[in-house]
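# Notes for the structure review
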Amino acid sequence: TTVSAQETVIFHGDRMVYDRSFFMVLLEGHATFLYGDYSLQADALSWDQHWQILEAHGDVYLFMPEVSVRAESLVFDLSKNLLTVQNGTIVYADRLTAEVERAVLTPEQLSVQNAKLSVTSLPFTLGVQSAVFFPQAIEDNLQLSNVQFPILDLQVPYLVFSVPSDDLPDTLPLEIKR
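Description of the structure in this document. These numbers come from a predicted model, not from an experiment. (Residues numbered from 1 in each chain as written. Predicted model: local features only at pLDDT ≥ 70, side-chain atom pairs only at ≥ 80, totals over all residues. Heavy atoms only, no water.)

Scanning the protein chain for helices and strands turns up zero helices and 13 strands. The linear arrangement of helices and strands in the protein chain, starting from the amino end, is β-β-β-β-β-β-β-β-β-β-β-β-β. In the protein chain, buried positions account for 38% of the 178 residues. Excluding contacts between residues fewer than 6 apart, the proportion of contacts in the protein chain whose partners are at least 24 apart in sequence is 24%. Counting only carbon and sulfur atoms, one obtains 51% of the accessible surface of the protein chain, whose full area is about 10,100 Å². (Helix = DSSP H or I, 4+ residues; strand = E, 2+ residues; numbered from the N terminus. Buried < 20%, exposed > 50% of the residue type's maximum accessible area, 1.4 Å probe, protein only. Contact = heavy atoms within 4.5 Å. Areas by Shrake-Rupley, 256 points an atom, 1.4 Å probe, with all protein chains shown as cover.)

Here is the structure:
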């Protein structure tokens, strides 16, 4: 996603400062940034028009197709479609909820640190120190890589939870690959 001259960006806040020399917009108080399918609200945000980077702080809410985020802060590089979240909750396609200390989201994967993962079709929450999640696979299974379970002193390079499409059985198939 690259913001071009033809695309409309709308932003406003209680206080706005525009620095023409650095192509920066600073917003404070009820800051809002709207662009296409993206909607961002925060206590404060900065928009670097040259590098196409949004930084938001305070009570942050981001809504975009398939993903919603509530966080203390985030950095969104629109040119690389790279979102970094600090201390927040990410909901992906209403099927996965990740409460994270830190997360990096790209269209291909979600990397989390110190997180609780909940999948709507699974009857439990998975607590992980770090993991990489592949959102496109959540229809059929939950694929995690580099999962660390600190209580068990265990690191699993690759973990798959198969998610049955019909009724959920009492136990779920679990596959651990080393």
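The backbone of N81 shows a phi angle near 55 degrees, a positive value even though the residue is not glycine. Mapped onto the elements, N81 comes out in the loop between β6 (67–77) and β7 (82–92). One non-glycine residue, N87, adopts positive backbone phi at about 50 degrees. On the secondary structure map, N87 appears in strand β7. Among the residues examined, N87 registers a relative accessible area of 35% and is labelled partly exposed.

Where strand β8 (residues 96–105) and strand β9 (residues 110–119) come together, nine bridges link them in antiparallel fashion. Pairing of R102 across the sheet is with Q113, part of β9. Counted between consecutive antiparallel strands, the loop separating β8 from β9 contains four residues. Pairing of β9 with strand β10 (residues 125–133), which is carried by eight bridges, proceeds in the antiparallel orientation. (Pairing = 2+ DSSP bridges.)

Generally speaking, soluble globular proteins have nonpolar side chains that are buried together. With 40 residues, the main nonpolar core has L40, V69, L74, F76, L83 and L110 as its most contacted residues. Going through the elements one at a time, β3 (24–35), β4 (38–48), β5 (53–64), β6, β7, β8, β9 and β10 are the ones with two or more residues in this core. (Core = buried A, V, L, I, M, F, W, Y, C linked by side-chain atoms within 4.5 Å.)

A few words now on the side chain of T84. Looking at the secondary structure, you find T84 in strand β7. For T84, a relative accessible area of 18% gives the class buried. Ignoring anything within four residues of it in the chain, the contact list for T84 reads S73, L74, V75, R102, A103 and V104.

Time to look at the pattern of salt bridges. On inspection of all chains with the given rule, the structure shows three salt bridges. The residue R70 makes a salt bridge to D59 at a minimum N-O spacing of 2.9 Å. Here the residue R70 occupies a position in strand β6, and D59 occupies one in strand β5, the gap between them amounting to 11 residues. Judged by its relative accessible area of 32%, D59 is partly exposed. For K116, the salt bridge goes to E99, with nearest N and O atoms at 3.9 Å. With K116 in strand β9 and E99 in strand β8, the pair connects residues that are 17 residues apart, well separated along the chain. Take K116: its relative accessible area is 45%, and that puts it in the partly exposed class. (Salt bridge = Lys/Arg side-chain N within 4 Å of Asp/Glu carboxyl O.)

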